[in-house]
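Spelled out, the chains give:
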Amino acid sequence: MAKEYSGSPKHHHRLEAKRNPLTWILGVSFLCILFYVLGAWQRSSNPNTTQFSAYNRGGCDSHVTTSDNGNAVVGHPSSTNLDFASHHQVVLNSSKTVSQFPSCDMSFSEYTPCQDKVRGRKFDRNMLKYRERHCPAKEELLRCLIPAPPQYKTPFKWPQSRDYAWYSNIPHRELSIEKAIQNWIQLEGNRFRFPGGGTMFPRGADAYIDDIGRLIPLTDGTIRTAIDTGCGVASFGAYLLNRNILTMSFAPRDTHEAQVQFALERGVPAMIGIMGSQRLPYPARAFDLAHCSRCLIPWQKYDGLYLAEVDRILRPGGYWVLSGPPIHWKKFWRGWERTREDLKQEQDAIEDVAKSLCWKKVIEKNDLSVWQKPINHVECFRSKKVLKAPHMCESDDPDTAWYSHWCPSCSCFLLDTYSDIHIVHCGLIFLLSFVLKRYRNLEACVTPLPEVSSSDDVAGGAIEKWPERAYAVPPRIRSGSTPGITAERFVEDNKLWKERVAHYKRIISPLPTGRYQNIMDMNAYLGGFAAAMLNYPVWVMNAVPINSNHDTLGVIYERGLIGTYQDWCEAFSTYPRTYDLIHASGLFTLYQNRCDITYILLEMDRILRPEGTVIFRDTVELLVKIQSITDGMKWKSQIMDHESGPFNPEKILVAVKTYWTGEATQKQL
């Protein structure tokens, strides 16, 4: 045996290899191909390489930097050509095949798709329905880029923006002429100045707010979220920001051109909206304070319909402040050009509606009147006041503002394969989307508050004062009324977003500098992103898609943040160029089979300011698709690794909208 196996084993293998060289070569080649295929398959199922990480490994300089004016700029490597697509089995559009979107005509520079004045004329003027949301049909959607006005300039930084705006950005003199005496806005050379005045506060918003502060607590953290109905240029909300009170200001798009656009240009939260026939897009028990300063809303009409809506969105114990006609009519009636009888009748009617809602009149002083909503309905039931009109609402979901969770322009047929059942299902969806109303109508009834065990308990649960409120577990989570979300999950989400925002600060250097003021979170979930941004001089509009698995907007408001419901198959209720930074986490996973994501991206371009930034978080396949579209929208972008490293399948796409104006685009054409 020893003789048979004498000699080196390696020598024995070399002899075998010499006898079968072709077999050896084929075997090695097969193994190489096999491992390459396995590696490629593993990469496609768990992507761990992006352009950004590959550039870093290659020693190239690829990062987000800032331009001379402090705006975010996405850096690109100069000498690296890595095949990103082959690792992810995604087809990347080359620069030659990218579809370039043209500029829209300059007449669309202030286009608001769902509040278009021309389309609005087709609707009933009763209850101002023609000024409500009426979104374009799919065949009416624009496939072009909304141009900025010639000579558009980067808005002033906060807090200077509160008082100034460039005339070239909003070239409308109407308000400076029409409201000159009331000190809303003044034109000084090439810029507007906002003195802080208003119809009912000629001494300025600060003095007016001080007057209110003597009647209700504005400084101890009890009041954090407010809503200003018929806001004008939002000076009330602008000056409340200095007192840590976040105000949702809204006004219709009407003959007073660009009120909401002026508000957002100033860096103040605002939306286009009106109290007409539809519910406001906010949850029940959202606001600590509601305010109306001569907002021209007929509170006493339609069986108290509009005050009933304020009652729905007002927190238990919240305040309603009314100034102007008909308050204290005995003293001021001559200046209002109305008869004493007319004013008395109006105030009596408002008082009656407030009583039927079980509100308590706190005080009436000078031209201010304040009511308070009860903390629960125990006494209200005992006194049987609710038996009077308006009656108790029978709805089982007081938060609902949108009737249908289907979007009329959503394409149910985006899928590659069909079955008879699938086609029938799609047909039913389209049929129901046309039969059902898009938004929920107002109801002249009292929205029931959650039950309590004692007359001293706050319905729905008490909340902490600000700023502790931001990170305290919200009552809707503590009580289990938000299914699927626990206190532990809430705490983990906060920790997660603190880490993510810290990462954003590293890759987007202007973030902490004041360059951004107006921020939109398109898929806000629990508001963790907005809460993590509280250390920066910004405010965040938290949008909760109506297609989400969880209705979390009530939780967001309980945290002392603001937001709105939104279906991103439709346009947002704002003017073009009103947000500095847009955040979209998981949004396109949610909407990729609901409607054409190209229109969502075009809507983002509409509301984003020139040189504004967008942060996408999603799967790498979706981000590559998004990037191929935004390349045709004059955006500069870069896909980056997840903050936890290259092995996380979720990636980050940072994009910057380049500066261009309608005039410049016309010359290029």
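Residues numbered from 1 in each chain as written. Predicted model: local features only at pLDDT ≥ 70, side-chain atom pairs only at ≥ 80, totals over all residues. Heavy atoms only, no water.

Draft legend 1. Local environment of the layout of surface pockets. In this model, the largest pocket occupies a volume close to 950 Å³. What lines the largest pocket is a set of 47 residues, and nearest its centre among them are Gly 230, Arg 294, Cys 295, Leu 296 and Ile 297. Mapped onto the lining of the largest pocket, the elements with two or more residues apiece are strand E6 (225-229), helix H7 (235-240), strand E7 (246-251), strand E9 (287-293) and strand E10 (314-323). When residues in the lining of the largest pocket are grouped by element, the largest group, three residues, is from E9. Tallied by class, the residues present in the lining of the largest pocket amount to 24 nonpolar, 16 polar and seven charged. (1 Å grid on protein atoms, 1.4 Å probe; cavity = no way out; pocket = protein on both sides within 12 Å on 5 of 7 lines; lining within 4 Å. Points joined across faces, edges and corners; volume = space filled by probe spheres on them. Helix = DSSP H or I, 4+ residues; strand = E, 2+ residues; numbered from the N terminus. Nonpolar A, V, L, I, M, F, W, Y, C, P; charged D, E, K, R; others polar.)

Draft legend 2. Spatial organisation of the pairing of strand E18 (residues 579-585). Counting buried positions along E18 gives seven out of seven residues, so the element sits mostly inside the fold. Taken together, the three bridges between strand E15 (residues 518-521) and E18 define a ladder with parallel strand orientation. What sits directly across from Asp 521, in E18, is His 583. In terms of strand pairing, E18 meets strand E19 (residues 608-619) through six bridges, oriented parallel. Paired with Ser 585 across the strands is Arg 617, a residue of E19. (Buried < 20%, exposed > 50% of the residue type's maximum accessible area, 1.4 Å probe, protein only. Pairing = 2+ DSSP bridges.)

Draft legend 3. Up close: the pattern of salt bridges. Under the definition given, this model contains 31 salt bridges. Of the charged contacts, one joins Arg 203 and Asp 211 as a salt bridge, the two residues approaching to 2.5 Å between their closest N and O atoms. Taken together, the shared-partner salt bridges connect Glu 265, Arg 515, Asp 580 and Arg 609 into one network. (Salt bridge = Lys/Arg side-chain N within 4 Å of Asp/Glu carboxyl O.)

Draft legend 4. Structural detail: the state of the cysteines. Scanning the entire structure with this criterion turns up six disulfides. Paired by a disulfide, Cys 114 and Cys 135 hold their sulfur atoms 2.0 Å apart. A torsion of 110° about the S-S bond marks the disulfide between Cys 114 and Cys 135 as right-handed. One end of the pair, Cys 114, is in the loop between strand E2 (72-74) and helix H4 (117-120); the other, Cys 135, is in the loop between H4 and strand E3 (164-166), with 21 residues separating them in the sequence. (Disulfide = S-S within 2.5 Å.)

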